[in-house]
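# Notes for the structure review
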Amino acid sequence: MKLFEDTIMEDKNYYTSGQFAKMANVSTRTIRFYDQKGLLKPSRIENGSRLYTDADFARLQQIILLKYLGFSLEEIKNMTIGDSDYHILLNSLELQSRLIEDKLAQMQLVAGAIKETSAAIRSRGEVNWDHMLNLIHLTNMESSLKSQYINASNISARIKLHNLYSNNKEGWFPWIYKQCHIKSDMKVLELGCGNGSLWTSNTTKIPAGADITISDLSNGMLRDAKRNMKTLSASMHFKKIDATNIPYEDNSFDLVIANHMLFYLDLKAKKKNALAEIYRILKPGGKLVCSTYGSNHMKEISDLVTSFDNRIRLSSDKLYENFGLDNGKEILSHFFKKNKIEKKLYDDYLLVDSVEPLIEYILSCHGNQNEYLLDKYSDFKAFVTSKMGTGFKITKESGIFICTK
């Protein structure tokens, strides 16, 4: 074995696992563990020995850095799937930056709660259990922050593809906003705001005096929306709202907006039905503007991934079957009169001429794609590149229903 290692030492392109671990100041056990997890495979295996290159060392440095920053090994695997795909790493680091900002704010709250609890014990000689429970809840926030921001990041990846490659230059969010006809005396509620793109895409069109509430079920997305809407947030209200239990009086709003969110809900349930709640809070003559898509929407992307591996499903549910362009009017008619429901289609398609944003979109989906694509990322990227040609055309079949109470 000594003679073999000496031979490897003479070849500057390769390092044994022991040499490789020593260079990075980690244990050989760590190197083997990263191999088992699919994070860092050796470039060669010769006579049972794992051999690594300088390129592998650069990848190992990425793994160590991202682990230090607090990413899990599964997240790191998603972020380092291609040495040249810096857009994925950049997006992930931006995600981590936002997460750290919220961690700092969280720790300030924890520090304040500790001081209050300590002061109460010193002054009264007893424990305020309400304060202690609040402190426990604050320290447990961290586990939910990352998942919330990953969801927000995935939404951004999907919006980005549409922004870059849509044929309709008006844009989805300006078109949606135009259908809302918001005036200065109106009271407006958006359910499921995501990252706030509806408003950041229409900053100059929002009338002064309009009373607008921006809501989402996710605290992480609300924080993203507020952060993105710094110049607008002073005139808007931000609130966490469950659409099946809207905390407002009957006949409160002139307009409710639900952009691509109703299909996530169980609209067949008689109790706690979001549509019943929306109808309840709308004023007589008030409107619901809700968007969805049809069965052909983005179908070329699904066909692309299944032709690479037929086990891949980009979504575990066909959301358009829950609430889509074909059945939406029938579902809405349980609450709104049919002659008070209008359907409008958005005329558009995508023509994508770059591989990276398309793959980023695919990896952001809710299905099982990462299970099959991450270990074969280079092969999948080459496959997508071969299909790209002068442009990859993608059908868009989306639109809105405008319902009047």
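Residues numbered from 1 in each chain as written. Predicted model: local features only at pLDDT ≥ 70, side-chain atom pairs only at ≥ 80, totals over all residues. Heavy atoms only, no water.

## Brief notes about the sheet that holds strand β2 (residues 44-46)
With respect to topology, three strands assemble into an open sheet ordered β1-β3-β2, the strand pairing being antiparallel. Only two strands of the sheet have a single neighbouring strand rather than two, namely β1 (15-16) and β2. Summarising the sheet, β2 and strand β3 (residues 49-52) pair through three bridges and their orientation is antiparallel. Each bridged residue has a counterpart across the sheet, and for Glu-46 the counterpart in β3 is Ser-49. (Pairing = 2+ DSSP bridges. Helix = DSSP H or I, 4+ residues; strand = E, 2+ residues; numbered from the N terminus.)

## Brief notes about the environment of Ser-215
With respect to the helices and strands, the residue Ser-215 is situated in strand β5 (residues 211-216). Spatially, the C-alpha atom of Ser-215 lies 9.2 Å from that of Ala-243, the residues being 28 residues apart in sequence. Only 2.7 Å separates the side chain of Ser-215 from the backbone oxygen of Glu-190, close enough to count as a polar contact. (Polar contact = N/O pair within 3.5 Å; in protein donor to acceptor, adjacent residues only side chain to side chain.)

## Quick word on the nonpolar core
Nonpolar side chains in soluble globular proteins tend to be buried together. Among the nonpolar cores identified, the biggest contains 30 residues, and Leu-191, Val-256, Leu-262, Ile-278, Leu-288, Phe-323 and Leu-332 are the most heavily contacted of them. Listing elements by their share of this core, those giving two or more residues are β4 (187-191), β7 (253-258), α12 (274-281), β8 (282-293), α15 (328-332) and β12 (398-404). In this structure Leu-288 touches Val-256, Ala-258, Leu-275, Ile-278, Leu-282, Leu-332, Phe-336, Phe-401, Ile-402 and Cys-403, once residues within four positions along its chain are discounted. Counting residues in hydrophobic clusters, the runner-up holds 28 residues, among them Met-186, Ile-214, Tyr-346 and Ile-402. (Core = buried A, V, L, I, M, F, W, Y, C linked by side-chain atoms within 4.5 Å. Buried < 20%, exposed > 50% of the residue type's maximum accessible area, 1.4 Å probe, protein only. Contact = heavy atoms within 4.5 Å.)

## Here's the deal with the sheet that holds β8
Reading across from one edge, β6-β5-β4-β7-β8-β12-β9 is the order of the seven strands in this open sheet, with mixed pairing throughout. Only two strands of the sheet have a single partner each, and these edge strands are β6 (236-240) and β9 (341-346). Going from strand to strand, the sheet's axes swing by 15° on average, the running direction of each strand aside. The sheet contacts of helix α9 (residues 172-180) involve β7, β8, β9 and β12, and relative to β12 the element is tilted by about 15°. (Axes fitted to C-alpha atoms, helices over the stretch in contact; angles between N-to-C directions.)

## A short note on α12
Where α12 is concerned, the buried positions are Ala-274, Leu-275, Glu-277, Ile-278 and Ile-281. Along the long axis of α12, the arc covered by the buried residues comes to 160°, so they all point the same way. One side-chain oxygen at the N-terminal end of α12 lies 2.9 Å from the backbone nitrogen of Leu-275; it belongs to Asn-273. (Arc of directions from axis to C-beta.)

## Observations concerning the confidence of the model for the chain
Confidence in the prediction for the chain averages 82 pLDDT; 79% of positions are at 70 or higher. Predicted confidence for residues 1-11 stays below pLDDT 50, and this span has 12 contacts to residues more than four positions away or in other chains. Within the model, pLDDT remains below 50 along residues 141-150, and this stretch shows 27 contacts once partners closer than five positions in the same chain are excluded. (pLDDT = per-residue confidence, 0-100.)

## Structural notes on helix α11 (residues 219-228)
One full turn of an α-helix is made of 3.6 residues, so residues set three or four places apart face in the same direction. Listing the buried residues of α11 in full gives Gly-220, Met-221, Leu-222, Asp-224 and Ala-225. For α11, the N-terminal cap is Ser-218; the gap from its side-chain oxygen to the backbone nitrogen of Met-221 is 3.1 Å.

## So, the pattern of salt bridges
On inspection of all chains with the given rule, the structure shows 14 salt bridges. Where Glu-46 meets Arg-44, a salt bridge forms, and the shortest distance between an N and an O atom there is 1.9 Å. Among the residues examined, Glu-46 registers a relative accessible area of 25% and is labelled partly exposed. Lys-299 serves as the salt-bridge partner of Glu-300, at 3.6 Å between the closest nitrogen and oxygen. Each of Asp-35, Lys-41 and Arg-50 takes part in one network of salt bridges that share partners. (Salt bridge = Lys/Arg side-chain N within 4 Å of Asp/Glu carboxyl O.)

## Considering the packing of aromatic side chains
This structure, assessed with the given rule, holds 15 aromatic pairs. Plain terms: the ring middles of Phe-33 and Tyr-34 are 6.3 Å apart, the flat faces sit at 50° to each other, and that makes the pair tilted. Here Phe-33 falls in the partly exposed class, since its relative accessible area comes to 34%. Judged by its relative accessible area of 5%, Tyr-34 falls in the buried class. Considering the side-chain rings of Trp-172 and Trp-175, the 5.6 Å spacing of their centres and the 35° angle between planes classify their relative orientation as tilted. With Trp-172 and Trp-175 both in helix α9, this residue pair falls three residues apart, about one helical turn. Through a chain of ring-to-ring contacts, three or more aromatic side chains come together here, namely Phe-263, Tyr-264, Tyr-293 and Tyr-320. Note that Arg-44 overlies the ring of Tyr-14, its terminal NZ or CZ placed 4.7 Å from the centroid. (Phe/Tyr/Trp six-rings, centres within 6.5 Å; stacked < 30°, edge-to-face > 60°. Lys NZ or Arg CZ within 6 Å of the ring centre and 35° of its normal.)

## Side note on the packing of helix α13 (residues 299-308) against helix α18 (residues 377-388)
The geometry of α13 relative to α18 is characterised by a closest axis approach of 11 Å and an angle of 130° between their N-to-C directions. In terms of axis orientation, α13 runs oblique to α18. The element α13 and its partner α18 pack so that their crossing is right-handed. On the side of α13, the interface is formed by Leu-304, Val-305, Ser-307 and Phe-308, while α18 contributes Asp-379, Phe-380, Phe-383, Val-384 and Lys-387. A breakdown of the residues in the contact of α13 with α18 according to their chemical character gives six nonpolar, one polar and two charged. (Parallel < 35°, antiparallel > 145°, perpendicular 65-115°, else oblique. Left-handed = near helix turned anticlockwise from the far one by under 90°. Nonpolar A, V, L, I, M, F, W, Y, C, P; charged D, E, K, R; others polar.)

## Let's talk about the state of the cysteines
If you walk through the whole model with that rule in mind, you get zero disulfides. Counting only cysteine sulfurs, Cys-403 is the nearest neighbor of Cys-290, a cysteine outside any disulfide, at a range of 4.8 Å. (Disulfide = S-S within 2.5 Å.)

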